[in-house]
Structure formats: C-alpha cells, structure tokens
Amino acid sequence: MINQGDISVISDLFNRLLPTVRDRYTCGKKCNLSDIEKIYSGRISDVWLGTFKFEEKNIKVAIKINKYIKTSTPRNLSDITIKEYKTLELVSSLMDQHSKYTKLEPIALFQDDYAFAVKFIGGSNLRDIIANIRLWDSSNFRTAKRMINLCGSWLDMFQRSSLPSKPVHLSRNEIEKYDIELVASKAKSAGFDSQLLNKSVDVANKLKSRFMKRSVVSVHGDFLPWNILGTQNNVAVIDFRHYHLGDAYEDLSLMYEQIIANSRPWRHKGSLEELRQELLVGYQSPLETFNWLFWRIRSLLYLMGMLRPSQSRKLLQRLSVEYAGNNYESELKQILIEAEDRIS
C-alpha cells in the first residue's frame, strides 16, 4: 500500500511511467520529470500531477491512487482500480467517435499500488462554475448552461453507444434491487423529517408498480457536477469507479436534482431551473413519467443521505449545507405532490 505522504514513492510511480509516455507520444530520449504536486485529496482517492519535460514538448500526466476506507481490503481495492481503468479504456475508445467531448486517455495501470495514470486534461470543474453563478454576472451562467447541455448529450450518447448486444429488460424483481427504504434510512440518519421520508417511500413504491420495461444501459454511478470538467465547447466526464449496468434515469436524475441544491438567496432559483431544463434538452430522449418521478425521489433521498451538518467554522460553508438541505426538502415535497396527482 502506498504511503500517501511519501513524495519519493509518488516520484517512483512517475519514473516508472517514463518509457510508456516516451513511446506513446514519440518524444525524445532526454526528459526531466518536474512539478509533482497533489491536485486532489479525497476520502477514497488522491490525484497527483506530474510534468514530463521532453526536448520537443511537455506531457502532463495525472495519477489517481485509491485509498483504504473501512470496507476496503487489498483484493477489492485492487479490483476497483482494475475495473475503473478498464472502463476508462472503453470510454476513451468511445470518445474517439465524438469530438465534442474531451477524451480522458488512460496510460498505465499500477495494479499492485491501486493506482493508474491518465493524460492530464485541463478545464473548469462544473461544480465550481455553478457555485459562482451570481445575479450580477452572467458569464458563469452561460458557461454552466452550455456545459450542462453537453452533459445531457454526453449521457444520451453514452447510454445509446454502450447498450449490451442483446437488450435486457429490467424485471419487477430487478427493480426491487433499487432499495428505496435503504436510501430513506440514510436520509433519516442525516436528520431529515421522518414523516416526509416515510411518505416518500410509500409514493416511490406506488410508482414502481407502474414502471414501464426499460433496457439496461451503462451507468456512470456518480454523475454529478464535481465529476465534470470542461469549457463552453467541450466536457470530460471523470471518475468511473461506480460504473455498472442499470436504469438510464439513475445518472440523469442525480445530476438533475443536485443542480437545485445550489439555490441561494444571491443565486436566483429560476436560473438553476433553466440549467436543469438544459440538461434535459441535451439528453433528448423522451422521459417516461412514472420511471422518471421514481428516480427523482430516489436521487433526492440519496443526496439527502449524503448531507451532513458542516463542522466548518466558516459561516458560508455552514449555510451552504443548510441551504442544500432545505432545497432538497422543498424539491421532494413538490415531487410528491406531482407523483400523487399522477398516481390518482
């Protein structure tokens, strides 16, 4: 297991990459490795950036290192790393056919170190762009709107291009795997109103009984603004750790509902609603009412379960968590009204 704080170990990983980088990008033999820095530190992974300076050009490479958490073992951490890398290879080949999406190019897998390397891509994080939308400045709103439209079209393309060779339909038993009671219990643990959550479970179960059969598609599994990088002209989707086969609305509803969490007094809610509609415009595929309402409820419960009271001393950070929770509850109440009206 890698010692995350040991820069010499990280440098060794980059040095082991040198022959692969030189061969892939047909660079000269003379090379200097420089500017190694940690650009992301999270609960389950870290990302390091290094620059290979050749005579002809510089190549920036990012190395992602998966870390132990409570449920980790060396075997499953290795499996997770291999799975994500292999998924990236498939997605990278898919992006060769679609120039408006930035290609995330895998370079090497370090299975024993629970790490892999990709060619570094620039661009802004969609979460940061949305967070900086202001009433008095429309530039971030325009960028966010275009990026979210591209997110919708990327998702539509991803699902259409990655269908299994033989279409498989979700049976009623398979639908039951989407355990709405489980996500509701996590939302209760986060302190949300039990009566509202119990009603949500009841309505969601009624919606499931009216599901239309749907083909299984490729699911990113964590399709949220912080996993989107790009500009107004292109986007790149990152972090395929949770990739699996499932329902098309799992990814779509998660992004759709998370956007509204960013509503603040200084950020007009109408502009965020416009962003959400832009996601659907980009997605293009028609929505099936009962399936869509179920997944919106499920995604809201999931996001509520992820929310925890902020321990930060900074007032704005504490308020952001509080605003997000209030927005989720308000949104959930509105969906339940619409769902009950549809069911009756």
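Here, the structure is the one placed above.
Conventions and cut-offs
- Residues numbered from 1 in each chain as written.
- Predicted model: local features only at pLDDT ≥ 70, side-chain atom pairs only at ≥ 80, totals over all residues.
- Heavy atoms only, no water.
- 1 Å grid on protein atoms, 1.4 Å probe; cavity = no way out; pocket = protein on both sides within 12 Å on 5 of 7 lines; lining within 4 Å.
- Points joined across faces, edges and corners; volume = space filled by probe spheres on them.
- Helix = DSSP H or I, 4+ residues; strand = E, 2+ residues; numbered from the N terminus.
- Nonpolar A, V, L, I, M, F, W, Y, C, P; charged D, E, K, R; others polar.
- Expected span 1.5 Å × (residues − 1).
- Buried < 20%, exposed > 50% of the residue type's maximum accessible area, 1.4 Å probe, protein only.
- Pairing = 2+ DSSP bridges.
- Phe/Tyr/Trp six-rings, centres within 6.5 Å; stacked < 30°, edge-to-face > 60°.
- Patch = residues over 30% accessible without salt bridge, like charges linked within 9 Å, V, L, I, M, F, W, Y side chains within 5 Å.
- Areas by Shrake-Rupley, 256 points an atom, 1.4 Å probe, with all protein chains shown as cover.
- Salt bridge = Lys/Arg side-chain N within 4 Å of Asp/Glu carboxyl O.

### Things to note about the layout of surface pockets
Over the atoms, a rolling probe the size of a water molecule traces out where space has been left empty. A volume near 270 Å³ is recorded for the second largest pocket. Along the wall of the second largest pocket there are 14 residues; nearest its centre are Arg214, Val217, Ala248, Tyr283 and Ser285. Elements represented by at least two residues in the lining of the second largest pocket include exactly helix H4 (139–161) and helix H8 (248–260). Counting residues per element, the lining of the second largest pocket draws most heavily on H4, which supplies 3 residues. In terms of residue class, the lining of the second largest pocket is made up of 6 nonpolar, 3 polar and 5 charged.

### Details of helix H7 (residues 194–208)
Taking 1.5 Å of rise per residue, 15 residues should cover 21 Å, and H7 covers 21 Å from first to last C-alpha, within 8% of that figure. Residues Leu196, Leu197, Ser200, Val201, Val203, Ala204, Leu207 and Lys208 constitute the buried set of H7.

### Remarks on the pairing of strand E2 (residues 45–54)
Of all the 10 residues making up E2, 9 are buried; the element is thus mostly covered by neighbouring parts of the structure. When strand E1 (residues 31–41) meets E2, the two strands line up antiparallel, connected through 8 bridges. Directly across from Glu37, in E2, lies its bridge partner Leu49. What sits between the antiparallel neighbours E1 and E2 is a turn of 3 residues. Note that E2 and strand E3 (residues 58–66) share 9 bridges and pair antiparallel. When the sheet's bridge partners are listed, Thr51 is paired in E3 with Lys60. The hairpin formed by E2 and E3 contains 3 residues between the paired strands.

### Some remarks on the packing of aromatic side chains
Where two aromatic rings form a pair, the distance of their centres and the angle of their planes describe that pair. Within this structure, the stated rule accounts for 11 aromatic pairs. Taking the centre distance of 5.1 Å and the plane angle of 85° together, the rings of Phe211 and Phe294 count as edge-to-face. Of this pair, Phe211 sits in the loop between H7 and strand E7 (217–219) while Phe294 sits in helix H10 (residues 289–306), placing them 83 residues apart in sequence. One exposure class covers both Phe211 and Phe294, and it is buried. Summarising the aromatic geometry, the rings of Phe294 and Trp295 are spaced 5.5 Å apart at their centres and angled 85° between planes, so their arrangement reads as edge-to-face. With relative accessibility at 0%, the residue Phe294 sits in the buried group. Residue class for Trp295 comes out buried when judged on its relative accessible area of 0%. Put simply, the rings of Trp154, Phe158, Phe223, Phe240 and Tyr243 touch in pairs and so form one group of aromatic residues.

### Notes on a nonpolar patch on the surface
Together, Ile39, Tyr40 and Phe120 give the surface a local cluster of nonpolar side chains, amounting to about 270 Å² of exposed area. Looking at the secondary structure, you find Ile39 in strand E1. Relative accessible area serves as the criterion here: at 39%, Ile39 is assigned to the partly exposed category.

### A look at the sheet that holds strand E8 (residues 228–230)
Overall, antiparallel pairing links the 3 strands, which are arranged E6-E8-E9 in an open sheet. On the outer flanks of this sheet lie strand E6 (124–125) and strand E9 (235–237), each paired with one strand and no other. Looking at chain direction, E6 and E8 are connected through 2 bridges and run antiparallel. The partner of Ser124 across the bridge, within E8, is Gly230.

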